[in-house]
Amino acid sequence: MANALSHPVFARVYPRIAAFADAHGSIEHRQEMLAGVRGRVVEIGAGTGSNFRHYPPEVTQVVAVEPEPRLRALAEKAATEAPVPVKVVAGLAEELPLENDGFDVAVCSLVLCTVKDVPGALAEARRVLKPGGELRFYEHVRSERLGFRRVQQVLAPLWRLPGGGCHLTRDTELAIQEAGFTVKDIRRFYFLINSRANPASPSIIGTARPST
């Protein structure tokens, strides 16, 4: 089973991108996504561990899966400062090294834009969730505005090169539904930095549960 995926250039740049986004509003988005989370959590694609400090005390453990070695090392450091127990492990979103039905919540935060196999990653999230568990997500997505979406489509091939394979035009809400989840709540918005949009501004935050 593969458990690593190296993007050395992206891994060096991403921490600064994440810190800049956090300083301009992304912290509030993370807090919104994680509000009310409790029990055992799997975080898929933990990156640098930016979410760790925002988990509420009702969380008993976070198992954070991250395939990129440099980012995983940063996540391990962030885990030592988290307010809840966090275990960082190597692994791919499409092949989680975790047991079936082991988690109350699965968290996908700015990761489904980069995974190669979105249906596979969401199937894995569903596999490891307990019956009645939930998926929490915060992702940038394809714009619903035709003109903005056309700009995303033009820029998408170039965007993937420095972005660690990041896709600008994924319809993540539809992918979640097609993977067998029912979206319970969702907020669509444009993440503006200094009142300006960028190609990755269209965003969603929400909650979904496995369909019965």
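Residues numbered from 1 in each chain as written. Predicted model: local features only at pLDDT ≥ 70, side-chain atom pairs only at ≥ 80, totals over all residues. Heavy atoms only, no water.

Colleague: Please give an account of the packing of aromatic side chains that cites residues and values.
Modeller: Summed over the entire model, instances satisfying the criterion amount to 1 aromatic pair. Ring plane angle 85° and centroid distance 5.2 Å describe the contact between Phe-148 and Tyr-190, whose orientation is recorded as edge-to-face. In this pair, Phe-148 sits in helix 4 (residues 146-160) while Tyr-190 sits in strand 6 (residues 181-190), placing the two residues 42 residues apart along the sequence. Here the basic side chain of Arg-145 rests over the ring of Tyr-190, its NZ or CZ set 3.9 Å away from the ring centre. (Phe/Tyr/Trp six-rings, centres within 6.5 Å; stacked < 30°, edge-to-face > 60°. Helix = DSSP H or I, 4+ residues; strand = E, 2+ residues; numbered from the N terminus. Lys NZ or Arg CZ within 6 Å of the ring centre and 35° of its normal.)

Colleague: So, the nonpolar core: which residues are in play, and what are the values?
Modeller: Ranked by internal contacts, the top residues of the largest apolar core, which has 30 residues, are Val-42, Leu-98, Leu-122, Leu-135, Ile-176 and Phe-181. At the level of secondary structure, the elements contributing two or more residues to this core comprise strand 1 (39-44), strand 2 (59-65), strand 4 (103-109), helix 3 (118-128), strand 5 (129-140), helix 5 (172-178), strand 6 and strand 7 (202-210). In terms of residue count, helix 3 provides more of this core than any other element does, 5 residues in total. When residues no more than four places from it in sequence are discounted, the contact partners of Phe-181 are Leu-122, Ala-125, Arg-126, Leu-129, Leu-135, Ile-176, Ala-208, Arg-209, Pro-210 and Ser-211. Ranked by size, the runner-up nonpolar core spans 25 residues in total, among them Val-59, Ala-79, Ala-82 and Tyr-138. (Core = buried A, V, L, I, M, F, W, Y, C linked by side-chain atoms within 4.5 Å. Buried < 20%, exposed > 50% of the residue type's maximum accessible area, 1.4 Å probe, protein only. Contact = heavy atoms within 4.5 Å.)

Colleague: Would you mind going over the pattern of salt bridges in detail, with residue names and values included?
Modeller: As enumerated under the stated definition, the model contains 10 salt bridges in all. Between Arg-187 and Glu-32 there is a salt bridge, with the nearest N and O atoms lying 2.8 Å from each other. Here Glu-32 lies in helix 1 (residues 8-34) and Arg-187 lies in strand 6, a separation of 155 residues in the sequence. The exposure class of Arg-187 is partly exposed, given its relative accessible area of 33%. (Salt bridge = Lys/Arg side-chain N within 4 Å of Asp/Glu carboxyl O.)

Colleague: A description of helix 2 (residues 69-79) should follow, citing residues and the corresponding values.
Modeller: Every buried residue belonging to helix 2 is among Leu-71, Arg-72, Ala-75, Ala-78 and Ala-79, and all of these are buried. Within helix 2, the buried residues cover an arc of 115° as seen down the axis, which keeps them to one side. Regarding helix 2, its N-cap is Glu-68, as a side-chain oxygen of that residue lies 2.8 Å from the backbone nitrogen of Arg-70 further along. (Arc of directions from axis to C-beta. Polar contact = N/O pair within 3.5 Å; in protein donor to acceptor, adjacent residues only side chain to side chain.)

Colleague: With reference to specific residues and values, describe the environment of Thr-114.
Modeller: Following the sequence through the fold, Thr-114 ends up in the loop between strand 4 and helix 3. In sequence terms Thr-114 and Glu-76 are 38 residues apart; their C-alpha atoms lie 21 Å from each other. Within the structure, the side chain of Thr-114 is placed 2.8 Å from the backbone oxygen of Val-111, a separation counted as a polar contact.

Colleague: Provide a residue-level description of the pairing of strand 7, including the pertinent values.
Modeller: In terms of burial, strand 7 is a largely internal element, 7 of the 9 residues being buried. Pairing of strand 5 with strand 7, which is carried by 6 bridges, proceeds in the antiparallel orientation. What sits directly across from Tyr-138, in strand 7, is Ile-205. The sheet contact formed by strand 6 and strand 7 spans 9 bridges and is antiparallel. (Pairing = 2+ DSSP bridges.)

Colleague: Summarise helix 4; cite the residues concerned and give the values.
Modeller: With 15 residues, helix 4 should cover 21 Å at 1.5 Å per step; its first-to-last C-alpha distance of 21 Å lies within 8% of that length. The sharpest bend along helix 4 reaches about 40° and sits at Val-154, with the proline Pro-157 one to four residues further on. Turning to helix 4, its buried residues number three or more, namely Arg-149, Gln-152 and Ala-156. The elements touched by buried residues of helix 4 are strand 7. (Expected span 1.5 Å × (residues − 1). Bend = angle between axes of the 7 residues up to and from the residue.)

Colleague: Break down the sheet that holds strand 5 for me, citing the residues and quoting the values.
Modeller: Strands sit in the order 3-2-1-4-5-7-6 across an open sheet of 7 strands; the sheet is mixed. Among the strands making up the open sheet, the edge pair consists of strand 3 (86-89) and strand 6. Taken over all neighbouring pairs, the strand axes of this sheet differ in orientation by 15° on average, direction set aside. (Axes fitted to C-alpha atoms, helices over the stretch in contact; angles between N-to-C directions.)

Colleague: Provide a residue-level description of a nonpolar patch on the surface, including the pertinent values.
Modeller: Together, Val-151, Val-154 and Leu-155 give the surface a local cluster of nonpolar side chains, amounting to about 250 Å² of exposed area. Tracing the sequence through the fold places Val-154 in helix 4. (Patch = residues over 30% accessible without salt bridge, like charges linked within 9 Å, V, L, I, M, F, W, Y side chains within 5 Å. Areas by Shrake-Rupley, 256 points an atom, 1.4 Å probe, with all protein chains shown as cover.)

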